[in-house]
Amino acid sequence: RDMALGMVTGQLVPWLATLPVLMLLIALMVGRELRPLRAVAAGLRRRAPDDATPLDARQVPTEVRPLVDALNALFARINALLVRERRFTSDAAHELRSPLAALRVQTEVVQLAGDDAPMREHALDNLTVGIDRATRLVDQLLTLSRLDSLSDLAELAPIDWNELVMMTLAEQDRLAHAAGVTLRYEQQGTPPVRQGQTLLLSLLLRNLLDNAVRYTPQGGAVTVTLSERSLTVEDEGPGVTTEHLARLGERFYRPPGQEQTGSGLGLSIVQRIAGLHGLQVSFANRPTGGFVARLAL
């Protein structure tokens, strides 16, 4: 027992003597290692809400670097979201100003018409057209905003292109009939099965058909052709000049001289949906006259 007690005392006394020194050294080392983290925390407290500058990870401990990299990626996504929201707000404010001003003018014309029935009816017709245009513009702005917020697609399902085309043509038949335009469908093959969202692809085809029907003269035809490699929508409209063809798909861009009303967002929506599905869409003039939109499958 005396030997055991002597051994324990001999070991314990040095440990007790050096423990405060060891604790002080550990505290200093830990504080030195965590100093970069305190600097990062201080920078986060001072950071502006819209500041997307990446955090400096060079002095950060290796174990914490993945967390800093994840924060930088989060800042980049938040900044992209803010940019999209600001662009949407700017676009909406700019594009809605004209139709709302036109609605106000037509309302004043109705009020000033008095007993002039033809003038009042004409103003009411213009008011209805203006309301339809503003409604379509708001709907397309909201659609484009939702599409911009998507980075990838969820809830994918196999796409039956033949069924999709026939369903969309049936939906657009009333619009085409009212415009005096004939819708034609030619199936020249069956494209390979691929995954996608039927609702978004239906919206893509509906925008292409809507543009084709709008610019096809009364008595003309719009032809949809499905093959193994592509889906094309051809119209018999005036087409687009070569210099303006390359700009089709830009937001709010409409070639000069267009008689049909529109916002210039339809083809932007088409390109965005095609991009989300990994598809390529192209536009060209037909050699025999008219315009063709081709979706590579």
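Structure: above.
Note that this is a predicted model, so its numbers are computed, not measured. Position numbers for residues count from 1 along each chain, tracking the sequence in the order it is written. Where local features are concerned, this predicted model is filtered to residues with pLDDT of at least 70; where side-chain atom pairs are given and counted, the filter is 80 or more; whole-chain, interface and lining totals use all residues. Based on all heavy atoms of the structure, the side-chain values leave hydrogens and waters out of the count.

Pulling in residues and values, what's your account of the overall build of the protein?
Each helix is a run of H or I in the DSSP string that is no shorter than four residues. Each strand is a run of E no shorter than two, and both are numbered from the N terminus. Within the protein, the secondary structure is distributed over 7 helices and 7 strands. In the protein, the order of α-helices and β-strands from amino to carboxyl end is α-α-α-β-α-β-β-α-β-β-α-α-β-β. Accessible area is worked out with a 1.4 Å probe on protein chains only. A residue is then buried under 20% of its type maximum, exposed over 50%, and partly exposed in between. The burial tally for the protein puts 34% of its 297 residues in the buried class. Should any heavy atoms of two residues lie within 4.5 Å, those residues are counted as being in contact. Long-range contacts, defined here as pairs at least 24 residues apart, represent 65% of the contacts in the protein between residues at least 6 apart. On the protein, roughly 18,900 Å² of surface is accessible, and the fraction owed to carbon and sulfur atoms is 58%. In these tables, accessible area is a Shrake-Rupley quantity obtained with a 1.4 Å probe, and a residue counts as shielded only by the protein chains included in the view.

Could you give an account of the nonpolar core, with specific residues and numbers?
Take the buried residues of types Ala, Val, Leu, Ile, Met, Phe, Trp, Tyr and Cys, join any two whose side-chain atoms come within 4.5 Å, and each joined set is a nonpolar core. Of all hydrophobic cores here, the largest spans 39 residues; its most connected members are Trp161, Leu208, Leu231, Val233, Ile273, Phe283 and Leu295. Per-element tally for this core: the top contributor is helix H5 (residues 198-215), with 9 residues. With 6 residues, the next largest nonpolar core counts Val40, Ala57, Val68 and Phe75 among its residues.

Can you break down the packing of aromatic side chains residue by residue, with the values?
When the centres of two rings from Phe, Tyr and Trp lie within 6.5 Å, Trp using its six-membered ring, the rings pair. Their planes under 30 degrees apart give stacked, over 60 give edge-to-face, and anything left gives tilted. Overall, the coordinates contain 1 aromatic pair when judged by the stated rule. When the ring of Phe283 is compared with that of Phe291, the centres are 6.0 Å apart and the planes differ by 20°; the resulting orientation is stacked. Of the two residues, Phe283 and Phe291, neither departs from the other in class, the shared state being buried. The ring of Phe75 has Arg47 lying over it, and the distance from NZ or CZ to the ring centre is 4.4 Å. By definition, being over a ring means that NZ of Lys or CZ of Arg is both within 6 Å of the ring centre and within 35 degrees of the ring normal.

I'd love a proper account of the pattern of salt bridges, names of residues and values included.
Salt bridges are identified by distance alone: a Lys or Arg side-chain nitrogen within 4 Å of an Asp or Glu carboxyl oxygen. Counted by the stated rule, this structure contains 3 salt bridges. Asp210 is the partner of Arg214 in a salt bridge, and the nearest nitrogen-oxygen pair spans 2.9 Å. In this pair, Arg214 and Asp210 both sit in helix H5, 4 residues apart, roughly one turn of the helix. Here Arg214 falls in the partly exposed class, since its relative accessible area comes to 25%. For Arg286, the salt bridge identified is with Glu234, shortest N-O distance 3.4 Å. Pair noted here: Arg286 is in the loop between strand S6 (280-285) and strand S7 (291-296) and Glu234 is in strand S5 (residues 230-234), with a separation of 52 residues, a long-range link.

Requested: an account of the sheet that holds S5, with residues and values cited.
What the 5 strands build is an open sheet, ordered S2-S4-S5-S7-S6; its pairing is mixed. Of all strands in the sheet, those with a lone pairing partner are strand S2 (182-187) and S6, marking the two edges. Across this sheet, the average inter-strand angle for adjacent strands is 15°, counted without regard to direction. Each axis is a line fitted through C-alpha atoms, taken for helices only over the stretch in contact, and angles between the N-to-C directions span 0 to 180 degrees. Against the sheet, H5 makes contact with S2, strand S4 (221-226), S5, S6 and S7, and its axis sits at roughly 25° relative to S5, the strand it touches most. Helix-sheet contacts for helix H7 (residues 266-276) involve S6 and S7, and the interaxial angle to S6 is about 145°. When DSSP finds two or more bridges between two strands, those strands count as paired.

With reference to specific residues and values, describe a nonpolar patch on the surface.
Within the patch definition used here, like charges are joined within 9 Å and nonpolar side chains (Val, Leu, Ile, Met, Phe, Trp, Tyr) within 5 Å, considering only residues with over 30% relative accessible area and no salt bridge. Where nonpolar side chains cluster on the molecular surface, the patch consists of Trp15, Leu19, Val21, Leu22, Met23, Leu24, Leu25, Ile26, Leu28, Val30 and Leu34 and spans about 1,100 Å² of accessible area. Checked against the element boundaries, Leu22 lands in helix H1 (residues 2-46).

Before we move on, can you summarise H5 with the specific residues and values?
Between its first and last C-alpha, H5 extends 26 Å over 18 residues, near the 26 Å set by a 1.5 Å rise per residue. In terms of residue burial, H5 counts as a mostly covered element, since 13 of its 18 residues are buried. One less than the residue count of a helix, multiplied by 1.5 Å, gives the span that helix is expected to have.

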